[in-house]
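# Structural description and commentary
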Amino acid sequence: DAGVIQSPRHEVTEMGQEVTLRCKPISGHNSLFWYRQTMMRGLELLIYFNNNVPIDDSGMPEDRFSAKMPNASFSTLKIQPSEPRDSAVYFCASSRIGSRRSNQPQHFGDGTRLSIL
Amino acid sequence: DQQVKQNSPSLSVQEGRISILNCDYTNSMFDYFLWYKKYPAEGPTFLISISSIKDKNEDGRFTVFLNKSAKHLSLHIVPSQPGDSAVYFCAASARVQGAQKLVFGQGTRLTINP
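Here is a short report on the structure shown in this document. Nothing here was measured: the structure is a model prediction, and the numbers come from that model.

## A look at the overall build of chain B
On a plain count of helices and strands, chain B comes out with zero helices and eleven strands. Going from the N terminus to the C terminus, chain B shows its helices and strands as β-β-β-β-β-β-β-β-β-β-β. In terms of C-alpha radius of gyration, chain B reaches 14 Å, essentially the compact-globule figure of 13 Å for 114 residues. Considering only C-alpha atoms, chain B reaches an extent of 45 × 30 × 25 Å along its principal axes. Of all 114 residues assigned to chain B, the portion counted as buried reaches 46%. For chain B, the accessible surface area stands at approximately 5500 Å², while carbon and sulfur atoms represent 49% of it.

## What about the sheet that holds strand β3 (residues 19-24) of chain A?
All names here are of chain A. Reading across the sheet, the four strands line up as β1-β3-β8-β7 and stay open at both edges, with antiparallel pairing between neighbours. Since the sheet does not close on itself, it has two edges, and those belong to β1 (5-7) and β7 (65-71), each with one partner. Shown here is a sheet whose adjacent strand axes are inclined to one another by a mean of 15 degrees, direction ignored.

## Regarding the side chain of A:R36
Residue and element names in this part refer to chain A. Tracing the backbone through its elements, the reader meets R36 in strand β4 (residues 31-38). The exposure class of R36 is buried, given its relative accessible area of 10%. If we skip the residues at most four places from it in the chain, R36 touches G42, L43, E44, L46, P61, F65, A88, V89 and Y90.

## A look at the packing of aromatic side chains
For any pair of aromatic rings, the description rests on two quantities: the centre-to-centre distance and the angle between the ring planes. Going through the model one piece at a time under the given rule, you end up with twelve aromatic pairs over all chains. Measuring from centroid to centroid gives 4.7 Å for B:Y25 and B:F33, while their planes differ by 40 degrees, and the two rings are tilted. Take B:Y25: its relative accessible area is 7%, and that puts it in the buried class. With centroids separated by 5.7 Å and ring planes inclined at 50 degrees, the aromatic side chains of B:Y36 and B:F104 adopt a geometry described as tilted. Placement of the pair is B:Y36 in strand β4 (residues 32-38) and B:F104 in strand β10 (residues 99-104), with a sequence separation of 68 residues. Judged by its relative accessible area of 6%, B:F104 is buried. Members of the aromatic cluster, joined through ring pairs, are A:F33, A:Y35, A:Y48, A:F91, A:F108, B:Y36, B:F46, B:F89 and B:F104.

## Focus on the environment of B:T111
Its location among the elements puts B:T111 in strand β11 (residues 108-113). In this structure, the C-alpha to C-alpha distance between B:T111 and B:S80, residues 31 residues apart in sequence, is 9.6 Å.

## Thoughts on the interface of chain B and chain A
Contacts between the two partners involve 21 residues from chain B, matched on the other side by 29 residues from chain A. Carbon and sulfur atoms supply 50% of the area buried between chain B and chain A, which totals about 2000 Å² over both sides. A salt bridge links A:D56 to B:K101, with the shortest nitrogen-to-oxygen separation between them at 2.4 Å. Between the two partners, chain B and chain A, sit four residue pairs in polar contact (both at pLDDT 80 or more). When contributions to the side of chain B that touches chain A are tallied by element, the ones reaching two or more residues are β4, β5 (45-51), β9 (86-96) and β10 of chain B.

## Things to note about the sheet that holds strand β7 (residues 62-67) of chain B
Residue and element names in this part refer to chain B. Overall, antiparallel pairing links the five strands, which are arranged β1-β3-β8-β7-β6 in an open sheet. Of all the strands in the sheet, just β1 (4-5) and β6 (56-59) have a single pairing partner and so form its edges. With six bridges connecting them, strand β3 (residues 19-25) and strand β8 (residues 72-77) associate as antiparallel partners. In the sheet register, L21 faces β8, and the bridge partner there is L75.

## Some points on the state of the cysteines
Evaluation of the coordinates by the stated rule reveals two disulfides over all chains. For A:C23, the disulfide goes to A:C92, at an S-S distance of 1.9 Å. Judged by the torsion about the S-S bond (-70 degrees), the A:C23/A:C92 disulfide is left-handed. Pair noted here: A:C23 is in strand β3 and A:C92 is in strand β9 (residues 88-95), with a separation of 69 residues, a long-range link. Here the two residues A:C23 and A:C92 agree in accessibility, since each one is buried. One disulfide bridge connects B:C23 with B:C90, the sulfur atoms lying 2.0 Å from each other. In this structure, the disulfide formed by B:C23 and B:C90 twists by about -70 degrees around the S-S bond and is classed as left-handed. A residue pair is termed long-range when its members are at least 10 positions apart, and B:C23 in strand β3 and B:C90 in strand β9 qualify at 67 residues. Residues B:C23 and B:C90 agree in their burial class; the two are buried.

The rules behind the values
- Residues numbered from 1 in each chain as written.
- Chains lettered and ligands numbered in written order.
- Predicted model: local features only at pLDDT ≥ 70, side-chain atom pairs only at ≥ 80, totals over all residues.
- Heavy atoms only, no water.
- Helix = DSSP H or I, 4+ residues; strand = E, 2+ residues; numbered from the N terminus.
- Rg over C-alpha atoms; globule rule 2.2 N^0.38 Å.
- Buried < 20%, exposed > 50% of the residue type's maximum accessible area, 1.4 Å probe, protein only.
- Areas by Shrake-Rupley, 256 points an atom, 1.4 Å probe, with all protein chains shown as cover.
- Pairing = 2+ DSSP bridges.
- Axes fitted to C-alpha atoms, helices over the stretch in contact; angles between N-to-C directions.
- Contact = heavy atoms within 4.5 Å.
- Phe/Tyr/Trp six-rings, centres within 6.5 Å; stacked < 30°, edge-to-face > 60°.
- Buried area = accessible area lost by both parts, 1.4 Å probe.
- Salt bridge = Lys/Arg side-chain N within 4 Å of Asp/Glu carboxyl O.
- Polar contact = N/O pair within 3.5 Å; in protein donor to acceptor, adjacent residues only side chain to side chain.
- Disulfide = S-S within 2.5 Å.

Remember, this is a structural readout, not a statement about activity or role.
What follows is the structure, given as structure tokens:
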């Protein structure tokens, strides 16, 4: 089975440019999560979706960040305009929504390493 | 405020011995705990989990222990193998609107020496 697929794996761009990161969740999963990993803050949740609907975006750092999930098999995280402090590894994860009796782990993609010059 | 803490940034263990990784949390609303393993240039891989209604969960060489009164969990790997060398993340969640909002620790780098 294919896991969570993220693209691109690496992105280097200049400050001020728009950056779009893409994610394809595992088929059948109905929750999708975007995380950012930095040395200073570790792995932190940015936003998550249930059944394609954004539920909690309290982790999104600024209005420059936006995320969409137009359908069950695709999501994007966009940064516009990008800044050097946005440099990090961005992970996408997906899971099934568990019930009270059945917790479901999140499965992660291999991430996009983003460098803003 | 760090709700999930892994106080040991690194741990070195001899092959064949037991590895014990520790994790503390502060939020008593957390009801589900997970351990992830991460190799360089890859995403975290789910390893094992435990619900707050249990105090132990075992899967092969991996066992997770939960002490709710102390707000502490640990991962035991026995016997340790060279392929276990990786960064291990502890994560905790409280169910929010049907999904789990995970909070991660900073990670512990485990090195297994031959």
